[in-house]
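In case you want the letters, here they are:
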Amino acid sequence: MSAKKIIFLNQKGGVGKTTSVVNLGAALAILGKKVLLIDFDSQGNLSSSLSVDNGANGAYEVITKQISALEACQKTNINNLEVISANIDLAGLNIELVNLENRNFFVKEALSSLDDKFDYIIGDCPPSLGLVSVNSLVWANYVIIPMQCEYLAMEGLNSLMRTVATIKRTLNTSLEILGILFTMYNKRTKLSIEVVEDVSQYFDSLVFKTLIPRNIRLSEAPSHGLPIFSYDNSCSGAKAYYKFAQEVISRVE
Ligand SMILES: Nc1ncnc2c1ncn2[C@@H]1O[C@H](COP(=O)(O)OP(=O)(O)OP(=O)(O)O)[C@@H](O)[C@H]1O
Ligand SMILES: [Mg+2]
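It should be emphasised that the depicted structure is a prediction, and the values quoted were computed from it without experimental measurement.

Novice: Describe the overall build of the protein chain, listing the residues and the values that go with them.
Specialist: Within the protein chain one finds twelve helices and seven strands. With 253 residues in all, the protein chain has 54% of them scored as buried. For the protein chain, contacts bridging at least 24 residues in sequence account for 79% of all contacts bridging at least 6. Taken as a whole, the protein chain presents about 11,100 Å² of accessible surface, with 50% of it coming from carbon and sulfur. Looking at the protein chain, you have 23 positive and 25 negative side-chain charges, and the mean spots of the two groups are 6 Å apart.

Now the structure itself:
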């Protein structure tokens, strides 16, 4: 078994990265895959969305090699779904690593022992293209770019694509963009429809067919510490993330 390593990356804040990591991960686990989610964001939203302990022994301790990656894996309420948590300690990592020659390889080295333990390892990046995000790009096989169906959605997309292309050329030749995922889609607004049309025209088959709707249940579930499938399995958000998971499987397997 060699894990498929996917990161959700967009330096824009609040576009649905964490929501997508939680619910893609849960859907894959429900479909029988062995899944690990990694919180690369010092905000720790992924950890709290799944109500795991985000005290010590999280991503920071793993990346700085104080503990092994396997020791940091925590079980969740969902079978087959584990998490490595994060907290504010991770925020200092950018500064701690900046002068080290191998600064871009810390995540890859720290996580390599997990490759034969999971089918999917999915990372939730912070809203920045800083050193932690670069490290996660060096480690991953695939990038998914979530994009909110709002005005200025494409802003920043060029620098994001450029960063991914640079890493692919220099530090990780096997890196691929798996796709662009639209989130918070509202079929009743002209703007949502136009954003999807514009981006699809430009990026064509890179755009995932599944559109994640704006759905209040998706925003409520994290406060209960649950993925959408445990909170409200029949809502439109649950159906969409389930369909998205099947699309991801068909793209990578
Ligand atoms: N499809 C959706 N429908 C309704 N609300 C959503 C949806 N997706 C995400 N949200 C809500 O929008 C907010 C931002 O989502 P989320 O935290 O997933 O974004 P993010 O990209 O991880 O943010 P950050 O950049 O701060 O890490 C959250 O309050 C979340 O509950
Ligand atoms: Mg987030």
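Read on, since the account is not over.
Novice: Provide a residue-level description of the nonpolar core, including the pertinent values.
Specialist: Membership of the largest hydrophobic core comes to 53 residues, with the highest contact counts inside it found for Ile-7, Phe-40, Leu-111, Leu-114 and Trp-139. Take this core: its biggest share by element is six residues, from helix H7 (residues 131-139). Not counting the four nearest positions on each side in its chain, Leu-111 is found in contact with Ile-38, Phe-40, Val-62, Ala-69 and Trp-139. Ranked by size, the runner-up nonpolar core spans 38 residues in total, among them Phe-8, Ala-29, Ile-144 and Leu-218.

Novice: So what's going on with the site of ligand 1? Which residues, and what values?
Specialist: In the neighbourhood of ligand 1, 18 residues make up the surrounding shell, with Lys-17, Thr-18, Thr-19, Pro-213 and Asn-215 lying closest. In the environment of ligand 1, an oxygen atom lies 3.0 Å from a nitrogen or oxygen atom belonging to the backbone of Val-15. One nitrogen or oxygen atom from the side chain of Lys-17 is found 2.9 Å from an oxygen atom belonging to ligand 1. Elements that contribute at least two residues to the shell around ligand 1 include exactly helix H1 (17-30) and helix H10 (216-220). When residues in the shell around ligand 1 are grouped by element, the largest group, three residues, is from H1.

Novice: Explain helix H12 (residues 236-252) to me, and be specific about the residues and the numbers.
Specialist: Over its 17 residues, H12 runs 25 Å from end to end, which matches the ideal 24 Å to within 8%, given 1.5 Å per residue. Within H12, the full set of buried residues consists of Gly-237, Ala-238, Ala-240, Tyr-241, Phe-244, Ala-245, Glu-247, Val-248, Ile-249 and Val-252.

Novice: Can you break down the sheet that holds strand E6 (residues 142-148) residue by residue, with the values?
Specialist: Taken together, the seven strands give an open sheet; going across it, the order is E3-E4-E2-E5-E1-E6-E7, and neighbouring strands pair in mixed fashion. The open sheet is flanked by strand E3 (74-75) and strand E7 (176-183), the only strands paired with a single partner. Strand direction decides the pairing type here: E3 and strand E4 (residues 81-84), joined by two bridges, are antiparallel. In the sheet register, Lys-75 faces E4, and the bridge partner there is Glu-82. This element, H7, spans strand E1 (4-8), strand E2 (35-39), strand E5 (120-124) and E6 of the sheet and lies at about 150° to E1. Packed onto the sheet, helix H9 (residues 190-203) meets E6 and E7 and runs at close to 165° relative to E7.

Novice: Talk me through the packing of H1 against H12; I want residue IDs and the actual numbers.
Specialist: Packed helices, taken two at a time, are described by their axes: the angle between them and the distance between them. Across the interface, H1 lies against H12 with an axial gap of 9 Å and an inter-helix angle of 75°. Of the possible angle classes, the one that applies to H1 and H12 is roughly perpendicular. The segment H1 lies against H12, with Thr-19, Ser-20, Asn-23, Leu-24, Ala-27, Leu-28 and Ile-30 engaging Tyr-241, Tyr-242, Phe-244, Ala-245, Val-248 and Ile-249. For the contact of H1 with H12, the residue count by class is ten nonpolar, three polar and no charged.

Novice: So, H7: which residues are in play, and what are the values?
Specialist: Counted residue by residue, H7 has nine buried out of nine residues, so it is predominantly covered. Of the residues making up H7, those classed as buried are Leu-131, Val-132, Ser-133, Val-134, Asn-135, Ser-136, Leu-137, Val-138 and Trp-139.

Novice: A description of the packing of aromatic side chains should follow, citing residues and the corresponding values.
Specialist: Considering all chains together, one arrives at six aromatic pairs under this definition. Between Phe-208 and Phe-244, the ring centres sit 4.9 Å apart and the planes meet at 90°, which makes this aromatic pair edge-to-face. Taken together, the residues span a long stretch of sequence, with Phe-208 in the loop between H9 and H10 and Phe-244 in helix H12 at a distance of 36 residues. For the pair formed by Phe-208 and Phe-244, the shared burial category is buried. What links up through ring pairs into an aromatic cluster is the set Phe-8, Phe-208, Tyr-241 and Phe-244. Taking NZ or CZ as reference, Lys-65 lies 5.2 Å from the ring centre of Phe-106, over its face. The cationic tip of Arg-251 hangs over the ring face of Phe-208; the distance from NZ or CZ to the ring centre is 4.2 Å.

Novice: Lay out a nonpolar patch on the surface in plain terms, naming residues and giving numbers.
Specialist: A surface patch of nonpolar side chains, amounting to about 320 Å² of accessible area, comprises Tyr-151, Leu-152 and Leu-191. Mapped onto the elements of the fold, Leu-152 is located in the loop between E6 and helix H8 (157-170). Owing to a relative accessible area of 41%, Leu-152 belongs among the partly exposed residues under this scheme.

Reading the values: rules and limits
Residues numbered from 1 in each chain as written. Chains lettered and ligands numbered in written order. Predicted model: local features only at pLDDT ≥ 70, side-chain atom pairs only at ≥ 80, totals over all residues. Heavy atoms only, no water. Helix = DSSP H or I, 4+ residues; strand = E, 2+ residues; numbered from the N terminus. Buried < 20%, exposed > 50% of the residue type's maximum accessible area, 1.4 Å probe, protein only. Contact = heavy atoms within 4.5 Å. Areas by Shrake-Rupley, 256 points an atom, 1.4 Å probe, with all protein chains shown as cover. Lys, Arg positive; Asp, Glu negative; His and termini not counted. Charge placed at Lys NZ, Arg CZ, Asp CG, Glu CD. Core = buried A, V, L, I, M, F, W, Y, C linked by side-chain atoms within 4.5 Å. Near = heavy atom within 4 Å. Polar contact = N/O pair within 3.5 Å; in protein donor to acceptor, adjacent residues only side chain to side chain. Expected span 1.5 Å × (residues − 1). Pairing = 2+ DSSP bridges. Axes fitted to C-alpha atoms, helices over the stretch in contact; angles between N-to-C directions. Parallel < 35°, antiparallel > 145°, perpendicular 65-115°, else oblique. Nonpolar A, V, L, I, M, F, W, Y, C, P; charged D, E, K, R; others polar. Phe/Tyr/Trp six-rings, centres within 6.5 Å; stacked < 30°, edge-to-face > 60°. Lys NZ or Arg CZ within 6 Å of the ring centre and 35° of its normal. Patch = residues over 30% accessible without salt bridge, like charges linked within 9 Å, V, L, I, M, F, W, Y side chains within 5 Å. Salt bridge = Lys/Arg side-chain N within 4 Å of Asp/Glu carboxyl O.

Geometric values such as these leave the question of function open.
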